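Below, each chain spelled out in residue letters.
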Amino acid sequence: MSGRRLKKRPPSVPVTLRGPTDADEAHLLEWYERDREGLEQLMGLELPSKEVFAQQFQRVIAMVQEYTARLLMAELKDETIGLVLVTDLPENLEAGRVHIYVTPPKRRYALRVAEAGLAEATKMGMQRVVQTVQAANKGAVRMSEKLGFKPSPVKTYIKELN
């Protein structure tokens, strides 16, 4: 052994999830300015302006109010670093589609955010979750596989109706 000391890893800081507050609007708009592409992947559509982003997020809030979606903000040491969104919730809460967003400077905590989100889905009584990731997003694909997601045998086709 060389005379080098191994650095001890600091204790793991847990990611916590909480419901959204009015103060989160500022976080969302800041995230849009800094990472529009990441939020477009989260939402699954182009967000060419802050106004379009705000409109689309209001649709998410409406789904939460209708109990067809659940939105939780992810925090690390009292800093809001991302969100977990579960959509397509049936009345029995058996299944849903999970969406995870973590700000670029905190992406190293994405696995912890995802694990916290899956734990919350389990507490809700969900038995199955579906996640859609861009095939080119290798980090998201690796994380999904690490979390136990399996590729779907269903192939998705998209047709633009312009």
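Keep in mind that this is a model prediction, so the values were computed, not measured. (Residues numbered from 1 in each chain as written. Predicted model: local features only at pLDDT ≥ 70, side-chain atom pairs only at ≥ 80, totals over all residues. Heavy atoms only, no water.)

**Re the confidence of the model for the protein**
Confidence in the prediction of the protein, expressed as mean pLDDT, is 89, and 93% of residues score 70 or more. Across the protein, the element-wise mean pLDDT spans from 90 in strand 5 (residues 128-130) up to 96 in strand 2 (residues 70-76). (pLDDT = per-residue confidence, 0-100. Helix = DSSP H or I, 4+ residues; strand = E, 2+ residues; numbered from the N terminus.)

**Remarks on unusual backbone geometry**
Excluding glycine, a negative phi dihedral is what most residues carry, and trans is how most peptide bonds are arranged. The backbone phi angle of Asp78 is positive, close to 65°, even though this residue is not glycine. Along the chain, Asp78 falls in the loop between strand 2 and strand 3 (79-87). Here Leu93, not a glycine, exhibits a phi torsion of approximately 55°, which is positive. Within the secondary structure, Leu93 sits in the loop between strand 3 and strand 4 (95-102).

**Quick look at the pairing of strand 3**
The element strand 3 is largely enclosed, with a buried count of 8 among its 9 residues. Looking at chain direction, strand 2 and strand 3 are connected through 7 bridges and run antiparallel. If you follow Leu72 over to strand 3, its bridge partner there is Val84. Here strand 2 folds back onto strand 3, and the loop between the two strands holds 2 residues, one of which, Lys77, carries a positive phi near 50°. (Buried < 20%, exposed > 50% of the residue type's maximum accessible area, 1.4 Å probe, protein only. Pairing = 2+ DSSP bridges.)

**A few points about the packing of aromatic side chains**
Applying the stated rule across the entire model yields 3 aromatic pairs. Among the aromatic residues, those joined into a cluster by ring pairs are Tyr32, Phe53 and Phe57. (Phe/Tyr/Trp six-rings, centres within 6.5 Å; stacked < 30°, edge-to-face > 60°.)

**Let's talk about the sheet that holds strand 3**
Strands sit in the order 1-2-3-4-5 across an open sheet of 5 strands; the sheet is mixed. What marks the edges here is a single partner per strand, and that holds for strand 1 (15-18) and strand 5. Taken over all neighbouring pairs, the strand axes of this sheet differ in orientation by 35° on average, direction set aside. Pairing geometry for strand 1 and strand 2, over 4 bridges, is antiparallel. Each bridged residue has a counterpart across the sheet, and for Leu17 the counterpart in strand 2 is Ala74. Strands in contact with helix 3 (residues 50-65) are strand 2 and strand 3; relative to strand 2, the strand with the most contacts, it is inclined by about 110°. (Axes fitted to C-alpha atoms, helices over the stretch in contact; angles between N-to-C directions. Contact = heavy atoms within 4.5 Å.)

**Focus on the nonpolar core**
Considering soluble globular proteins, one finds that nonpolar side chains tend to be buried as a cluster. Ile81, Val86, Val113 and Met126 are the most contacted members of the largest nonpolar core, which totals 18 residues. Elements supplying a minimum of two residues to this core: strand 2, strand 3, strand 4 and helix 4 (110-123). Sorting elements by how many residues they give to this core places helix 4 first, with 4 residues. Once you skip the residues sitting within four places of it in the chain, Met126 turns out to touch Val86, Leu89, Leu93, Glu94, Ala95, Gly96 and Ala121. Judged by nonpolar contacts, the second largest core, of 16 residues, contains Tyr32, Phe53, Leu71 and Tyr101. (Core = buried A, V, L, I, M, F, W, Y, C linked by side-chain atoms within 4.5 Å.)

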